[in-house]
Amino acid sequence: NAGVTQTPKFQVLKTGQSMTLQCAQDMNHNSMYWYRQDPGMGLRLIYYSASEGTTDKGEVPNGYNVSRLNKREFSLRLESAAPSQTSVYFCASSPDRGRSDTQYFGPGTRLTVL
Amino acid sequence: DAKTTQPPSMDCAEGRAANLPCNHSTISGNEYVYWYRQIHSQGPQYIIHGLKNNETNEMASLIITEDRKSSTLILPHATLRDTAVYYCIVRVGNNNDMRFGAGTRLTVKP
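Fair warning: this is a prediction, and the values are worked out from it, not measured in the lab. (Residues numbered from 1 in each chain as written. Chains lettered and ligands numbered in written order. Predicted model: local features only at pLDDT ≥ 70, side-chain atom pairs only at ≥ 80, totals over all residues. Heavy atoms only, no water.)

Visitor: Can you lay out the sheet that holds strand β7 (residues 70-75) of chain B for me, pointing to particular residues and giving the numbers?
Guide: Residue and element names in this part refer to chain B. Read from one edge of the open sheet, 4 strands run β2-β7-β6-β5, paired in antiparallel fashion. Two strands in the sheet have a free side with no partner beyond their single neighbour: β2 (18-23) and β5 (55-56). The pairing of β2 with β7 spans 6 bridges and is classified as antiparallel. Within β7, the position partnered with Asn19 by the bridge is Ile74. (Pairing = 2+ DSSP bridges. Helix = DSSP H or I, 4+ residues; strand = E, 2+ residues; numbered from the N terminus.)

Following this line, the structure appears as structure tokens:
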């Protein structure tokens, strides 16, 4: 099993450009998540999807949209990138969104917005 | 805000036990304590979690105090590959969000 995969690994955008970050998991998990991590800080939740067909906002959703394409795939879209969105983006999945629920993380996408 | 407090950094000698403390004084009765680590900007890696009882797996042990207001992650024989940032997390809110604080940067030295 590959676990959680993310594409691309690196991306440089100019202010105002748009792009979609892709995430896929092969563990048959119901829940998927997008986090961002700024230098020297912990991860912050952007959006999550508790199950196929549902999405909800996390702690820092502004400037992002998400799509739960199917059970395997959860994409994050930046419609008009801003320098403040320069960060490392991590996707994660978990079997279920309960109190005793372990998340498995992908390797991250390093995004720079100029 | 994260509901946990951890020291910003710690050192440990290779081969010795690493004991990483965490305070979570506002934890509720049904909230689990989770530990993850992040090695050199890779994706976080799950280590262990617990509710009331002490827990042990192949990676570590988790000791939770009786009042549940603090816990300690123990790496019994630290190696250089255990150098990482360790996050203690208590899930918050109705949606059980995982709130990552700044964590503890553990450096294992030869």
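Visitor: Go over the interface of chain A and chain B with me, naming the residues and quoting the values.
Guide: Listed by partner, the interface residues are 21 residues for chain A and 21 residues for chain B. Summed over both partners, the interface of chain A with chain B buries about 1,800 Å², with 42% contributed by carbon and sulfur atoms. One can count 1 salt bridge joining chain A with chain B. Between Glu59(A) and Arg99(B) there is a salt bridge whose closest N-O contact spans 3.7 Å. Viewed at the interface, chain B and chain A are joined by 4 residue pairs in polar contact (both at pLDDT 80 or more). Elements with a minimum of two residues in the side of chain A that touches chain B: β4 (31-37) and β5 (43-49) of chain A. Each residue belonging to the side of chain A that touches chain B can be placed in one class, and the counts come to 9 nonpolar, 7 polar and 5 charged. (Contact = heavy atoms within 4.5 Å. Buried area = accessible area lost by both parts, 1.4 Å probe. Salt bridge = Lys/Arg side-chain N within 4 Å of Asp/Glu carboxyl O. Polar contact = N/O pair within 3.5 Å; in protein donor to acceptor, adjacent residues only side chain to side chain. Nonpolar A, V, L, I, M, F, W, Y, C, P; charged D, E, K, R; others polar.)

Visitor: Provide a residue-level description of unusual backbone geometry, including the pertinent values.
Guide: Backbone torsion omega between Thr7(A) and Pro8(A) reads -5 degrees, so that peptide bond is classified as cis. Within the secondary structure, Pro8(A) sits in the loop between β1 (4-7) and β2 (10-13). Phi angles above zero are rare outside glycine, and Asn28(A) is one such case at about 60 degrees. The backbone phi angle of Ser41(B) is positive, close to 70 degrees, even though this residue is not glycine. Structurally, the position occupied by Ser41(B) is in the loop between β3 (33-38) and β4 (45-50).

Visitor: Can you tell me about the sheet that holds β3(B), naming the residues and giving the values?
Guide: Residues and elements named next belong to chain B. Strand order in the open sheet made by the 5 strands is β1-β9-β8-β3-β4, with mixed pairing throughout. Of all strands in the sheet, those with a lone pairing partner are β1 (9-13) and β4, marking the two edges. Between one strand axis and the next, the sheet turns by 25 degrees as a mean value, whatever way the strands run. Note: β3 against strand β8 (residues 84-90), 6 bridges, orientation antiparallel. Opposite Val33, over in β8, you have Val90 as the bridge partner. (Axes fitted to C-alpha atoms, helices over the stretch in contact; angles between N-to-C directions.)

Visitor: Outline the state of the cysteines, supporting the account with residue identities and numerical values.
Guide: Residues and elements named next belong to chain A. Enumeration over the complete set of coordinates arrives at 2 disulfides over all chains. A sulfur-sulfur distance of 1.8 Å marks the disulfide that ties Cys23 to Cys91. Every disulfide takes its handedness from the sign of the S-S torsion; for Cys23 and Cys91 that torsion is -75 degrees, giving left-handed. Linking Cys23 in strand β3 (residues 19-25) with Cys91 in strand β9 (residues 87-94), this pair joins segments that are 68 residues apart in sequence. Look at Cys23 and you get buried, because its relative accessible area is 3%. (Disulfide = S-S within 2.5 Å. Buried < 20%, exposed > 50% of the residue type's maximum accessible area, 1.4 Å probe, protein only.)

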